[in-house]
Amino acid sequence: MLTLIIGGAASGKSEYAERLAAAAPGPRVYLATMRRHDAECEARIKKHRAARAGRGFVTCEREAGLAGLALPAGTRTVLLEDLGNLAANELYGGAGEGAFDAALAGIDELCVRAARVYVVSNEVFSDGAPYDPGTRRYIELLGALNQALAARADRVVEVVCGIPLIWKGGTTE
């Protein structure tokens, strides 16, 4: 079962996804895609680690190339945090022009290997701001990935102000 959880910055999407994944059957893998660029990234990583401490997750760090990832034996649940980082990593340092296909192939592979896959992503294009061409390219990639995953997903949930809104696939739990 594939669940796409989408929301704006600080919307509560990560916390919601972690609650869902923690309640799902284990073994559970937290698949972290954030690249450590600076102290701010390190602080966010620490915050997320603290939030899932004691919840039964094994953390795997993989910035790109998910199709080649070997999950721990018996993994039943995967939480991918997050698609925005994966897209940027594939676009600017991984698959390049093949970023869309690489990201989808990796998520498809996760869905084959685990019964439940939760993908956290950022909502894009709602601010109406103009962007430079490089940023626009990234946002268009993430928007296309969001649409492709929403079409494939069993459930799509948007989190706004900590409140889950179901767009596809039934209940919030």
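Structure: above.
Along every chain, residues carry numbers that run from 1 in the direction the sequence is written. In keeping with the model being predicted, local features are shown solely for residues with a pLDDT of at least 70 and side-chain atom pairs are shown and tallied solely at 80 or more, while totals for entire chains, interfaces and linings include all residues. With hydrogens and water excluded, all non-hydrogen atoms of the structure serve as input to the side-chain values.

**So, the pairing of strand β2 (residues 28-32)**
When you tally the buried positions in β2, you get five out of five residues, the bulk of the element. In this description, strands pair whenever DSSP reports at least two bridges between them. A run of H or I in DSSP counts as a helix once it spans at least four residues, and a run of E counts as a strand once it spans at least two, with each numbered from the N terminus. Two strands pair when backbone bridges link them, and β2 and strand β3 (residues 57-61) are joined in this way by five bridges, in the parallel orientation. Considered in β3, the bridge of Leu-31 is made with Cys-60. Assignment of crossover handedness uses the view with strands pointing away from the viewer, where a clockwise path from the first strand over the helix to the second indicates a right-handed crossover. Each parallel crossover has a hand, and for β2 linked through helix α2 (residues 39-52) to β3 it is right-handed. Each residue is placed in one exposure class: buried if its accessible area under a 1.4 Å probe, protein chains only, is under 20% of its type's maximum, exposed if it is over 50%, and partly exposed if it falls in between.

**What to know about the pattern of salt bridges**
Here a salt bridge means any side-chain nitrogen of Lys or Arg lying within 4 Å of a carboxyl oxygen belonging to Asp or Glu. The full count for this structure, using the stated rule, is nine salt bridges. Of the charged contacts, one joins Glu-63 and Arg-35 as a salt bridge, the two residues approaching to 2.6 Å between their closest N and O atoms. Of the two residues, Glu-63 is situated in the loop between β3 and β4 (77-81) and Arg-35 in the loop between β2 and α2; the sequence distance between them amounts to 28 residues. Judged by relative accessible area, which is 32%, Glu-63 ranks as partly exposed. The salt bridge involving Arg-137 is made with Glu-97; its shortest N-O contact spans 2.4 Å. With Arg-137 in helix α5 (residues 133-152) and Glu-97 in the loop between α3 (83-93) and α4 (99-113), this residue pair connects regions lying 40 residues apart in the sequence. On the accessibility criterion, Glu-97 (70% relative accessible area) is exposed. Look at the salt bridges and you will find they share partners, linking Arg-36, Glu-42 and Glu-61 into a network.

**Some remarks on unusual backbone geometry**
The residue after Gly-26, namely Pro-27, is reached through a cis peptide bond having omega 0°. One can find Pro-27 in the loop between α1 (13-23) and β2. The backbone phi angle of Ala-10 is positive, close to 55°, even though this residue is not glycine. If you trace the backbone, Ala-10 turns up in the loop between β1 (2-7) and α1. Backbone geometry at Cys-161 places phi at a positive 55°, although glycine is not the residue there. Topologically, Cys-161 is positioned in the loop between β6 (155-160) and β7 (163-168).

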